[in-house]
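Examining the three-dimensional arrangement
For reference, the chains in residue letters:
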Amino acid sequence: MKVTFGKYGGRKLIDNTFEHIRPTADMVKQAVFNKLADKIIDAKVLDLFCGTGALGIEALSRGAKEVVFVDKDKRSIAFTEANLKNLKIEAKTINNDFEIALKILKGQKFDVIILDPPYKGGFYEKALENIAKFDVLEEDGIIICEHDKDIKIDFNPFELFDERGYGIKMVSYLKKGN
């Protein structure tokens, strides 16, 4: 697992030793961020369900201004903080349930929200509902939603504008609906 491009490109991240964390493959990470290259520069990013922090760190490497990392699991936050420390990056981490974290972040706006919860946890719709409820996505912001291709997700109140498949994974790109 490594940072694929940018300021920290090629730098290795600490190997994941936990079964509960399934990091995004470098190929998928690279494809997602290549697609969003212009959107990431100077962006404020929210990495919800951050796991190892790899996606948010990739955003920082590619020019994001700020990333907030959120995860309920203390091991995930510790892992993320270790990766940040290893790369000498200062960033905010929130060790809390995503609903409480979104409530805490109410009033802040993010250009990009990375949504990569446990695939079979049933978190997608509730996370999207709370993102809308606490109005944390900029008007022209994007939600990157990584999920298993066999999982059907109701993206309301957001609008799907692109979707890409990578083996058993899908990445859906969402924006505010009209």
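Please refer to the structure higher up on the page.
Presented here is a report on the structure given in the accompanying data block. (Residues numbered from 1 in each chain as written. Predicted model: local features only at pLDDT ≥ 70, side-chain atom pairs only at ≥ 80, totals over all residues. Heavy atoms only, no water.)

Quick look at empty space enclosed by the protein
Under the counting rule described, the total for this entry stands at one cavity of 30 Å³ or more. Mapped by element, the contributors of at least two residues to the lining of the largest cavity are α1 (26-35) and β5 (137-148). Across the lining of the largest cavity, the residue classes break down as six nonpolar, one polar and one charged. (1 Å grid on protein atoms, 1.4 Å probe; cavity = no way out; pocket = protein on both sides within 12 Å on 5 of 7 lines; lining within 4 Å. Points joined across faces, edges and corners; volume = space filled by probe spheres on them. Helix = DSSP H or I, 4+ residues; strand = E, 2+ residues; numbered from the N terminus. Nonpolar A, V, L, I, M, F, W, Y, C, P; charged D, E, K, R; others polar.)

Comments concerning the pattern of salt bridges
By the definition in use, this model includes 12 salt bridges. For Lys35, the salt bridge is made with Asp162, and the minimal N-O distance between the two is 2.7 Å. Residue Lys35 is found in helix α1, and its partner Asp162 is found in strand β6 (residues 158-166); the two are separated by 127 residues along the sequence. The partner of Lys176 in a salt bridge is Glu139, with the nearest N and O atoms 3.0 Å apart. In this pair, Lys176 sits in strand β7 (residues 169-176) while Glu139 sits in strand β5, placing the two residues 37 residues apart along the sequence. Look at the salt bridges and you will find they share partners, linking Lys109, Asp135, Glu139 and Lys176 into a network. (Salt bridge = Lys/Arg side-chain N within 4 Å of Asp/Glu carboxyl O.)

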